[in-house]
Structures are given as C-alpha cells and as structure tokens.
Amino acid sequence: MDWDRIGLAPLLENPIAVQAASLIGLAIASWIALRIVRRILVASIRAIAARSSAQWDDRLVDAKLFIRIAHLAPALAVYYGIEWIPELNDTIAVLVRRLSVCSIALVIALSISSLLNAADAIYSGLAAYRSRPIKGYLQLVKLAVGIVTLVIIIATLFDKSPLLFLSGLGAMTAVLLLVFKDTILSLVASVQLTGNDMIRVGDWIEMPKYGADGDVVDIALHTVKVQNWDKTITTIPTHKLIEDSFKNWRGMSLAGGRRIKRSVCVDVNTIRFLEPDEIESFATYELLRDYVEQKRRDIDSHNASGRDRAINAN
C-alpha cells in the first residue's frame with residue numbers, strides 16, 4: 001500500500017503514533033473478544049439452561065455468573081496481546097500488564113460473588129432454609145474475597161508480594177477490629193441465632209425498641225429485615241437481637257391458636273356444694289349432660305371404694 005499517497009507515511013515514522021494506534025487496536029480487539037464470548041459462549045449456556053429441567057443452572061444464569069466470567073476474555077487479550085505491540089515503552093507495557101492482572105482478579109472476585117448469590121438462591125428453595133439461613137455466612141465469604149482481592153490488586157500495582165501486605169494486616173489487628181467491629185458482632189450473633197434456632201425467615205417477631213412488629217423477610221450478616229403489619233420495613237442490626245430481648249410468636253403460629261390470659265375474681269364465700277335439684281337442673285343442658293353423668297359415676301365409685309375400705313378396717 002502506498003502510505004505516502006494517503007498521507008500516513010509521517011505517522012508510520014512516528015513511534016509514539018504507532019504505539020498509540022497499536023494500543024487502540026488492542027482495545028478494539030479486546031472488545032471484539034468480549035462480544036464474541038458473550039454472543040457465543042454465554043448465549044449457548046443460556047439456551048442450554050432454558051431447555052434443562054433443573055433449577056440450579058437457571059439460578060447461575062440469573063446471578064449473571066457467565067456474563068461476568070466472559071469479561072476474562074478482554075483482560076486476557078490485553079495481557080497477552082501487549083507483547084505483540086512493537087517498540088512499546090517498557091513502562092507502558094508493565095503498567096498495562098498490571099492493570100490486566102488487576103482486572104482479572106476483579107472479574108474472578110465478582111464471579112465468585114455471583115456464584116455465592118446463585119448458591120443462596122438454590123438453598124433458598126430448600127425446606128431447611130427457613131430454619132438454617134446461610135445468607136450471613138455467604139456475605140462473610142464475600143467480604144473475605146473482597147479483602148483478598150483488594151490486597152492482590154494493591155500488591156500488583158506496587159509490584160510487591162501479597163504476603164507482605166497480609167503480614168502488615170497482622171500488625172494492624174487493633175485497627176481492623178475497630179473497623180470490622182459490627183461485622184464481628186454480627187457474625188457471632190448470626191451463629192447464635194441460627195445455631196439456637198431463635199429466629200427464622202417467616203417468623204412473626206415483636207421488638208418495640210426498634211418499632212418492629214411483623215414477619216421476618218430476610219436474615220443477612222449485618223441486618224434482619226422485618227415487614228410490619230402496615231407493610232413498612234424495619235431493619236434491625238443482627239447483633240441487637242442478641243443484646244436486646246424480642247418476642248417470637250412462632251409457637252403460637254405452629255399451635256394454630258392463641259392463648260389469652262384474663263383475670264377472674266371469685267368470692268370464696270359463694271363457693272358451696274350443689275344441691276341434688278341443682279345437679280338435676282344442670283343435667284338438662286345438652287353440653288353438660290355427659291359431664292354431669294361422668295362426675296356422678298366418679299363420685300359413686302369413689303364413695304363405694306371408701307365404704308369398702310371402712311368395712312375392711314372394722
């Protein structure tokens with residue numbers, strides 16, 4: 001091709017322009033790789049999940065797991081394609097590789113988060129979910145994955161070993177305990193609540209201190225959501241359910257009835273034995289007839305046994 005005729009010969013002789021054009025071409029190639037993976041791989045997986053009778057694959061698709069995994073394609077394309085750019089400045093090449101590694105770590109962390117969301121959705125369909133929710137534990141795993149990913153990204157950008165930053169975290173234990181105080185308290189509270197079966201999703205609880213009086217709709221690591229009778233949502237910190245008292249109406253719901261306690265005042269001077277005519281009068285009522293007859297038989301049997309004991313004693 002005659003580059004002089006189209007006026008690009010001076011640009012080809014400029015190394016900065018060549019490198020810029022190569023980087024733009026690499027960015028376009030990575031975008032094309034993302035489009036191909038999403039159009040072929042992700043679309044094929046969605047079609048297979050739609051035809052399958054299983055539910056777990058639908059949960060994985062709904063959690064956007066495969067869409068996030070597809071973003072590995074452009075990151076890998078940039079990481080390996082940067083080597084093909086001619087006469088690229090070493091500083092730029094190293095920076096691009098580090099950013100690619102950071103992107104890969106971030107995509108993996110987001111994919112793990114989607115996988116955990118899918119696991120929670122699958123577990124929510126099981127009967128054991130009501131008594132043993134795992135959302136709080138999954139959120140703790142997400143937090144740990146996020147911290148590890150952040151350490152890897154910082155270590156990659158500064159070209160240091162991740163172990164160096166992890167050892168530094170050990171020296172900052174006091175600060176970490178202060179920062180993650182609520183998380184630690186919520187974790188302990190979640191273990192106690194689920195281990196002792198103190199609360200379940202669907203329970204009717206009452207906690208006047210926080211204005212909660214309704215059904216539990218969500219139990220997470222940090223909060224418990226309660227839908228009140230007027231459809232408002234009250235959010236209670238998880239550890240507060242251990243620190244403060246609350247009333248759970250589950251027993252009444254399982255019994256299918258509600259006990260009501262009332263005070264009845266009785267004048268002891270009015271208590272006496274019924275006269276025979278009064279007993280006959282009560283026996284005329286259909287609801288009391290069987291009761292009166294049974295009591296008559298019990299009394300006659302007791303009196304007969306008493307007389308027999310008296311005769312034997314004499």
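Preceding this paragraph is the structure being described.
Residues numbered from 1 in each chain as written. Predicted model: local features only at pLDDT ≥ 70, side-chain atom pairs only at ≥ 80, totals over all residues. Heavy atoms only, no water.

Draft legend 1. Structural detail: the overall build of the protein. Looking only at helices and strands, one finds 15 helices and 5 strands in the protein. Counting the 314 residues in the protein, one finds 26% classified as buried. A separation threshold of at least 6 residues defines the contact pool for the protein, and within that pool the share at least 24 residues apart is 57%. For the protein, the exposed area adds up to about 21500 Å²; of that, 63% sits on carbon and sulfur atoms. (Helix = DSSP H or I, 4+ residues; strand = E, 2+ residues; numbered from the N terminus. Buried < 20%, exposed > 50% of the residue type's maximum accessible area, 1.4 Å probe, protein only. Contact = heavy atoms within 4.5 Å. Areas by Shrake-Rupley, 256 points an atom, 1.4 Å probe, with all protein chains shown as cover.)

Draft legend 2. The arrangement of the pattern of salt bridges in detail. Within this structure, the stated rule accounts for 7 salt bridges. Asp 244 is paired through a salt bridge with Lys 209; the nearest N and O atoms lie 3.3 Å apart. Taken as a pair, Asp 244 in the loop between helix 12 (240–243) and strand 5 (247–248) and Lys 209 in the loop between strand 1 (204–207) and strand 2 (212–219) lie far apart in primary sequence, 35 residues in all. Its salt-bridge partner being Arg 272, residue Glu 278 comes within 2.8 Å of it at the nearest N-O pair. (Salt bridge = Lys/Arg side-chain N within 4 Å of Asp/Glu carboxyl O.)

Draft legend 3. Fine view of the packing of aromatic side chains. The final tally for this structure, using the stated rule, is 2 aromatic pairs. Centre to centre, the rings of Tyr 79 and Tyr 80 are 5.1 Å apart; their planes meet at 90°, and the pair counts as edge-to-face. You can call Tyr 80 exposed: its relative accessible area is 51%. Measuring from centroid to centroid gives 5.0 Å for Trp 204 and Trp 249, while their planes differ by 20°, and the two rings are stacked. Of the two residues, Trp 204 sits in strand 1 while Trp 249 sits in the loop between strand 5 and helix 13 (250–255), which places them 45 residues apart along the sequence. Classification of Trp 249 as buried rests on a relative accessible area of 16%. (Phe/Tyr/Trp six-rings, centres within 6.5 Å; stacked < 30°, edge-to-face > 60°.)

Draft legend 4. Representation of the nonpolar core in the model. Residues Ile 199, Val 216, Val 224, Val 226 and Leu 241 are the most contacted members of the largest nonpolar core, which totals 13 residues. Residue assignment for this core shows that the elements contributing at least two residues are strand 1, strand 2 and strand 3 (223–228). If you tally residues by element for this core, the top one is strand 2, at 3 residues. The residues contacting Leu 241, other than those within four sequence positions of it, are Leu 193, Ile 199, Met 207, Val 224, Ile 236 and Phe 246. Counting 7 residues, the second-largest nonpolar core is a separate cluster that includes Val 78, Ile 82, Ala 93 and Val 96. (Core = buried A, V, L, I, M, F, W, Y, C linked by side-chain atoms within 4.5 Å.)

Draft legend 5. Spatial organisation of the pairing of strand 4 (residues 233–237). Taking every second residue as pointing to the same face, the buried face of strand 4 carries Thr 234 and Ile 236, while none of Ile 233, Thr 235 and Pro 237 on the other face is buried. Judged from the 5 bridges that link them, strand 3 and strand 4 form a sheet pairing that is antiparallel. Within strand 4, the position partnered with Val 226 by the bridge is Thr 234. Here strand 3 folds back onto strand 4 in antiparallel fashion, the turn holding 4 residues, of which Lys 231 has a positive phi close to 75°. (Pairing = 2+ DSSP bridges.)

Draft legend 6. View of the side chain of Ser 100. The residue Ser 100 is located in helix 7 (residues 90–124) in this model. Residue classification places Ser 100 among the buried positions, given a relative accessible area of 4%. With sequence-adjacent residues up to four places away left out, Ser 100 is seen in contact with Ala 75, Val 78 and Tyr 79.

Draft legend 7. Local environment of the sheet that holds strand 2. The sheet built from 5 strands is open, its strands ordered 4-3-2-1-5 with antiparallel pairing. Two strands lie at the open edges of the sheet, namely strand 4 and strand 5, each paired on one side alone.

Draft legend 8. Region of interest: helix 8 (residues 135–157). Between its first and last C-alpha atoms helix 8 spans 33 Å; for 23 residues at 1.5 Å apiece the expected length is 33 Å, and the two agree. Buried within helix 8 are the following residues: Gly 136, Leu 138, Val 145, Thr 149, Val 151, Ile 153, Ala 155 and Thr 156. (Expected span 1.5 Å × (residues − 1).)

Draft legend 9. Inspection of the side chain of Ser 114 at higher detail. When you line up the elements, Ser 114 lands in helix 7. Every residue in contact with Ser 114, bar those within four places of it in the chain, is listed here: Ala 63, Lys 64, Leu 65 and Arg 68.

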